[in-house]
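Notes for the structure review
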Amino acid sequence: MAGDNVIKHSSENPFESMKKRFDVAAKIIGLDESDYNVLIAPQKAVIVNIPVTMDDGKVRVFEGFRVVHNANLGPSKGGIRYSMDVHLDEVKALAAWMTWKCAVVGIPYGGGKGGIKCDPRSMSKGELERLTRSYTDLMVDVFGPDKDIPAPDMGTGPQEMAWIMDEYSKLVGHSTPAVVTGKPIVLGGSLGRVEATGRGVMVSTRSALSKLGISPIGATTAVQGFGNVGSISAKLLASQGMKVVAISDVSGAYYNENGINVEEAIAYRDGNKGTLEGFTAGRKITNAELLELEVDVLVPAAMEDQINEENADRIKAKMIVEGANGPTSASADEILNRKGIMVVPDILANAGGVTVSYFEWVQNRLGYFWTEERVYRRADRVMKTAFEGVYAASQKYNISMRIAAYVVAIEKVAEVEKLRGKFGL
Ligand code: NAD
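Quantities reported herein were computed from a predicted structural model and do not represent experimental measurements. (Residues numbered from 1 in each chain as written. Predicted model: local features only at pLDDT ≥ 70, side-chain atom pairs only at ≥ 80, totals over all residues. Heavy atoms only, no water.)

A full pass over the atoms with the stated rule returns 11 aromatic pairs. Between Y358 and F359, the aromatic rings sit 5.9 Å apart at their centres with planes inclined by 45°, giving tilted as the arrangement. Ring centres of F359 and W370 lie 5.2 Å apart, and the angle between their planes is 50°; this geometry places the pair in the tilted category. Within this pair, whereas F359 is found in helix 12 (residues 352-366), its partner W370 is found in the loop between helix 12 and helix 13 (372-397), the two being separated by 11 residues in sequence. Accessibility expressed as a relative area gives 7% for W370, which makes it buried. Site record: aromatic cluster; members linked through ring pairs are Y109, Y358, F359, W361 and W370. Directly above the aromatic system of F15 lies the positively charged group of K92, at a separation of 4.6 Å from the ring centroid. A cation over a ring is seen here: K211 above Y391, with NZ or CZ 4.6 Å from the ring centre. (Phe/Tyr/Trp six-rings, centres within 6.5 Å; stacked < 30°, edge-to-face > 60°. Helix = DSSP H or I, 4+ residues; strand = E, 2+ residues; numbered from the N terminus. Buried < 20%, exposed > 50% of the residue type's maximum accessible area, 1.4 Å probe, protein only. Lys NZ or Arg CZ within 6 Å of the ring centre and 35° of its normal.)

Here it is in structure tokens:
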């Protein structure tokens, strides 16, 4: 245990947390009861028990999930998480967030999510491969380039996506790269995918700063989490002239009021088994203290429920841009609103990742590759347009950006449901 560095979690059930926001937005747009009932319930939840022969010859059985929350706008899209914390309610919440996220940025996908309850760090590469292939075998009727398209999430990456692509292709009898995104570039992955989420966080931060009349030059920021999303967000925010005064990971947080050189911090992490442990270019503080720093922009980019009813009142940032999924609990929303803190919600701020996943799928289907410059240009445009749409809704209804994002998304999914009828996959 990391002592006082461990953040106390509120015990909010993630699906309930999603539903609370949905309820508020549904009331604002006057969603009728029938539409409410259809849109809140996941369309499909599949639970499988995956037998895997471990390296010691014994067979272990792992619990795996795939939830399709809604497929009104197109095939369901969402990552697969490998973690001991995976449970059905978490996967249901993450799948629903994907539905709203895809609708907010206007890409033709529904929402899905998957997970396997396992500890990938304690498993060998061979065990992970057998687990991933068996999970794919059991999900072959769920997955498909026109049905349900997985991607990486916590604990999975390009290698797992390559195994899924290969196993699925064998099962259907032809090469099907578009069944999964986040693949290695050589297998049909997209340029710009690795940077996509952090880049979207940067673009949304710039849009939000301009609404508050704050120049990015010299604006201070603290970033929680230094993995894919946190480190790339920090690097790109610094590239815009912002001063990154604090960064963190599981080893703790590091604060320097004169600014941290993010490129050096990334190089340090990469040469230090992926962690910031022992980083000396900043004073060591706790992750809890990082969240409460007086900065212009706070970027939580680690995990769920970091800002909750216990610490929300002590947050001093002018703005929160949510790189992680679900970093703020529903009960904290009200406190942040009361304090006048602008929150750019996860389903908008971190949607750059799924946007470039969509571009990967488009390229696979065309059998063509885009340049990095084209990927960035199109993704930036999608993010800016989505931000303006959500901002306009927040002004129109006089509501927070979070509820405005739900309003935009629910209106769109409900409209399509009306046009199509009660579509059940
Ligand atoms: P990652 O595994 O690359 O990085 C996670 C980082 O958080 C690591 O630096 C880890 O040390 C740190 N961390 C973990 N627990 C922490 C704690 N208690 N306090 C402080 N730091 C902690 O994961 P990622 O891909 O960067 O994802 C981070 C979040 O962003 C997740 O919520 C994920 O669902 C979300 N997200 C990721 C993407 C993507 O494209 N990778 C897209 C959208 C949303």
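Here the focus is the domain arrangement of the protein chain. Along its sequence, the protein chain is organised into domain 1 (42-189) and domain 2 (194-349). When each unit is reduced to the centre of its C-alpha atoms, the spacing between domain 1 and domain 2 is 28 Å. The largest per-residue losses of area from domain 1 upon contact with domain 2 belong to W97, K101 and V104, which jointly make up 58% of the total buried on that side. Put simply, domain 1 and domain 2 have one salt bridge between them. (Domains from an automatic or database assignment. Buried area = accessible area lost by both parts, 1.4 Å probe. Salt bridge = Lys/Arg side-chain N within 4 Å of Asp/Glu carboxyl O.)

Next up on the list: the sheet that holds strand 8 (residues 252-255). On the basis of which strands lie adjacent, the open sheet formed by seven strands has the order 9-8-7-6-10-11-12 and mixed pairing. In this open sheet, the two edge strands, each paired with only one partner strand, are strand 9 (283-285) and strand 12 (342-344). Looking at each pair of strands side by side, their axes are set apart by 20° on average, direction ignored. As paired strands, strand 10 (residues 297-300) and strand 11 (residues 319-321) are joined by two bridges and run parallel to one another. Within the sheet, the bridge partner assigned to V297 lies in strand 11 and is M319. (Pairing = 2+ DSSP bridges. Axes fitted to C-alpha atoms, helices over the stretch in contact; angles between N-to-C directions.)

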